[in-house]
Amino acid sequence: MISAPPHRPTLDEIAEARDRLAAWLPRTPLLRLDLGRADQRIFLKLETLSPIGAFKLRPALNALLSRDADELRLGVAIVSSGNMAYGMAWAARALGVPMAAYMYAGAPQTKIDGVRRLGGEVRFVSHGTWWRYITAIERPDIGELLVNPVTDQAVLAGNGTIGLEIVEDLPDVDFVLTPYGGGGMTTGVASALKALRPQARVFAVEDENAAPVTAALAAGRIVEIETRPSFIKSIGGPSLIPELWPLANQLIDGAIAVSLQEVTEAMRLLFSKAKIVAEGAGAASLAAALRSERATGNVVCVISGGNIDAEAYAQVLAGAIPPA
């Protein structure tokens, strides 16, 4: 079945998602990180405190709770570099639904282990095949319901609950920074922000080793880019997802590409100042806030996840940049 193209989640859709999730998930806090900056008050939206340690549980669970039993009769499948697979495994187990994840072999081991620990099946594919599945150029021949991790409408609405909570907790928010992978989280968060606090600016944050949003904004269109290996696995890519980009482009106010040095410094800062463990993508928003002159006033950094392999994290705390 060909799904309809995604549309901007309405406030009603996002509120309905929030109501669905409330019975299953705790609300994540918004924590002030006082760095003594006169023109910048940084707040951290701690998705690391989700039951799976990442925001992806919101969209995964909303995607399943939005479906009827017949659609889930044969189970559910997801394509993911890690956290969405982990979130879908948690959601599927909670609802008693069989689950499989299409992942590539270079995905973080902690996320692979998390999927398996929750009873999910991991099906390894090449990185190229994985990308074609996400962009819907190709799809696996399966009986399970295949949920697109980026463009599924219930996924976008689930992501929007982050933005809804930000405005509820900080009504005078000025600037929100979100890591941009496929764009589903940024689009969902921006949908809520722009409806409730139109003057707030939303920026996408990327790893400079794979920054397709920055390239697309400069060119005025989606472009293929050369990527460099990085220990950050869940943001960046060779291009943007065509089906979602027109919507994301309408909602975001710009992009910031950060270096691996800046990201690891932000990871160490989160640990030393607040004892928060963040993976590279999770700390990227704080790295962007620290380097950007545009991010002033009440600035919210979405700390999207904390699922990083222990060896890599130990290297970060020791002052190093982990290998790709």
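For the structure itself, consult the block above.
Conventions used here
- Residues numbered from 1 in each chain as written.
- Predicted model: local features only at pLDDT ≥ 70, side-chain atom pairs only at ≥ 80, totals over all residues.
- Heavy atoms only, no water.
- Helix = DSSP H or I, 4+ residues; strand = E, 2+ residues; numbered from the N terminus.
- Polar contact = N/O pair within 3.5 Å; in protein donor to acceptor, adjacent residues only side chain to side chain.
- Contact = heavy atoms within 4.5 Å.
- Core = buried A, V, L, I, M, F, W, Y, C linked by side-chain atoms within 4.5 Å.
- Buried < 20%, exposed > 50% of the residue type's maximum accessible area, 1.4 Å probe, protein only.
- Pairing = 2+ DSSP bridges.
- Axes fitted to C-alpha atoms, helices over the stretch in contact; angles between N-to-C directions.
- Arc of directions from axis to C-beta.
- Right-handed = clockwise from strand over helix to strand, strands pointing away.
- Salt bridge = Lys/Arg side-chain N within 4 Å of Asp/Glu carboxyl O.

Colleague: I'd like to hear about the side chain of threonine 28, residue by residue, with values.
Modeller: By the secondary structure assignment, threonine 28 is in the loop between helix H1 (11-22) and strand S1 (30-33). Within the structure, threonine 28 has its side chain in polar contact with the side chain of glutamate 47 (distance 2.6 Å). Here arginine 58 takes part through its side chain, which lies 3.1 Å from a polar atom of the side chain of threonine 28. Discounting residues that sit within four places of it in the chain, threonine 28 has contacts with Lys45, Leu46, Glu47, Ser50, Arg58 and Glu165.

Colleague: Give me the lowdown on the nonpolar core, citing residues and values where you can.
Modeller: Within soluble globular proteins, side chains that are nonpolar tend to cluster in buried spots. Counting 63 residues, the largest nonpolar core has Met99, Val115, Val173 and Val176 as the members making the most contacts within it. Among the elements that make up this core, the one with the highest residue count is helix H3 (residues 83-95) (7 residues). With near-sequence residues (within four places) excluded, valine 173 lies in contact with Ile166, Val167, Leu193, Arg197, Ala200, Asn298 and Val300. Residues Leu177, Ile235, Ala287 and Ile303 belong to the second largest nonpolar core, which totals 36 residues.

Colleague: Break down the sheet that holds S1 for me, citing the residues and quoting the values.
Modeller: What the 6 strands build is an open sheet, ordered S1-S2-S10-S7-S8-S9; its pairing is mixed. Unpaired on one side and paired on the other, S1 and strand S9 (254-258) mark the two borders of the sheet. Sheet twist, expressed as the mean angle between neighbouring strand axes with direction ignored, is 30°. The sheet contact formed by strand S7 (residues 175-179) and strand S8 (residues 201-207) spans 5 bridges and is parallel. Counterpart to valine 176 in the pairing with S8 is valine 202.

Colleague: With reference to specific residues and values, describe helix H4 (residues 109-117).
Modeller: Note: α-helices contain 3.6 residues per turn, so residues at a spacing of three or four share the same orientation. All of the buried residues along H4 are Lys111, Ile112, Gly114 and Val115. Axial view of H4: buried residues confined to an arc of 160°, hence all on one face. In this fold, the buried residues of H4 make contact with H3, strand S4 (99-103) and strand S5 (121-124).

Colleague: Please give an account of the pairing of S7 that cites residues and values.
Modeller: Within S7, 5 of the 5 residues are buried, leaving the element largely enclosed by the surrounding structure. On S7, burial covers both faces: Phe175, Leu177 and Pro179 on one face and Val176 and Thr178 on the other are all buried. In this region the chain leaves S7, passes through helix H7 (residues 184-196) and returns to the parallel neighbour S8; the handedness of that crossover is right-handed. Note that S7 and strand S10 (residues 297-303) share 3 bridges and pair parallel. The partner of leucine 177 across the bridge, within S10, is cysteine 301.

Colleague: Report on the pattern of salt bridges, specifying residues and quantitative values.
Modeller: Within this structure, the stated rule accounts for 18 salt bridges. Notably, a salt bridge pairs arginine 27 with glutamate 168, separated by 2.8 Å at the nearest N-O pair. Here arginine 27 is found in the loop between H1 and S1, whereas its partner glutamate 168 is found in helix H6 (residues 153-169), with 141 residues between them in sequence. Classification of glutamate 168 as partly exposed rests on a relative accessible area of 38%. A salt bridge links arginine 73 to aspartate 70, with the nearest nitrogen and oxygen atoms 3.5 Å apart. Through salt bridges with shared partners, one network takes in Arg18, Asp19, Arg27, Glu168 and Asp169.

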